[in-house]
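# Architecture and fold: a report
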Amino acid sequence: MATKQEKIDAVLNELKMATSDIKGLGVISPDGMMIADHLGGDQGDAAAAMGAALGSLAKRVTTTLKVGEFQEVNIRGTNAGILLFDIENRAALIITVSKGANLGLVLLEARQAQSQLGQII
C-alpha cells in the first residue's frame, strides 16, 4: 500500500506530465513548510514560505471582501507564471508555468489534481 507521500508524489507527477507548460510544482503546508517539492532547483523553501504567505493573504482578502472562500491565485510575471490552489484549507498546490502557457489546460489539470490531493491530505 502506498504511503501518503507516495500518493501525493504520484498526483504531482501525473500533473507534471499533463502539459509541458508546467515547469515545477509542489504542495505546501499553511505554515510554509514544503510537503512535496517538484519545483526543481533550490527554491523550494522560499517558494513554500512565500506561497503560504500568499495563501494567507488571499484568504484574508476573500473573507474581507465577502467573495466566498479562497480557491486559487494566478500571478503572471514577464517570464513565467505562478498558480496557487487551496487544498481543503490544509495545504496548497503551487505551480510554476512557462511564459505563454495554455492556462485553460493548466487550470483544468490543476483543478483535478487539487481535488485528488484534497482526498489524500
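The coordinates are above.
Residues numbered from 1 in each chain as written. Predicted model: local features only at pLDDT ≥ 70, side-chain atom pairs only at ≥ 80, totals over all residues. Heavy atoms only, no water.

### Digging into the nonpolar core
Of all hydrophobic cores here, the largest spans 23 residues; its most connected members are Ile8, Leu12, Val27, Leu93, Ile95 and Leu117. Mapped by element, the contributors of at least two residues to this core are helix H1 (4–18), strand E1 (22–28), strand E4 (80–87), strand E5 (91–98) and helix H3 (103–120). With six residues, the single largest contributor to this core is H3. Discounting chain neighbours no more than four positions away, the residues touching Leu12 are Leu25, Gly26, Val27, Ala36, His38, Leu93 and Leu117. (Core = buried A, V, L, I, M, F, W, Y, C linked by side-chain atoms within 4.5 Å. Buried < 20%, exposed > 50% of the residue type's maximum accessible area, 1.4 Å probe, protein only. Helix = DSSP H or I, 4+ residues; strand = E, 2+ residues; numbered from the N terminus. Contact = heavy atoms within 4.5 Å.)

### Some thoughts on the side chain of Gln114
Topologically, Gln114 is positioned in helix H3. If we skip the residues at most four places from it in the chain, Gln114 touches Gln71, Phe85, Asp86, Ile87 and Leu93.

### Some points on the pairing of E4
For E4, the buried fraction is high: six of the eight residues fall into the buried class. With five bridges joining them, strand E3 (residues 72–76) and E4 adopt antiparallel strand pairing. Looking at E4, one finds that Ile75 is bridged to Ile82. Between E3 and E4, which pair antiparallel and follow one another directly, the connecting turn spans three residues. The loop that links E4 with its antiparallel partner E5 comprises three residues; one of these, Glu88, has a positive phi angle of about 55 degrees. (Pairing = 2+ DSSP bridges.)

### Structural notes on the environment of Ala92
Considering the arrangement of structural elements, one finds Ala92 in strand E5. With 37 residues separating them in the primary sequence, Ala92 and Gly55 have C-alpha atoms 7.6 Å apart. If near-sequence neighbours (up to four positions away) are discounted, Ala92 is found in contact with Gly26, Val27, Ile28, Leu84, Phe85 and Ile87.

### Concerning the pairing of E1
Across the seven residues that make up E1, a large majority, six, are buried. Pairing analysis gives six bridges linking E1 to E5, with the strands arranged antiparallel. Looking across to E5, one finds that Gly24 is bridged to Thr96. Relative to strand E2 (residues 34–38), E1 runs antiparallel, the two being bridged by four bridges. Opposite Leu25, over in E2, you have His38 as the bridge partner. Hairpin connection, E1 to E2: the antiparallel pair is bridged by five residues, and Gly32 has positive phi, about 90 degrees.

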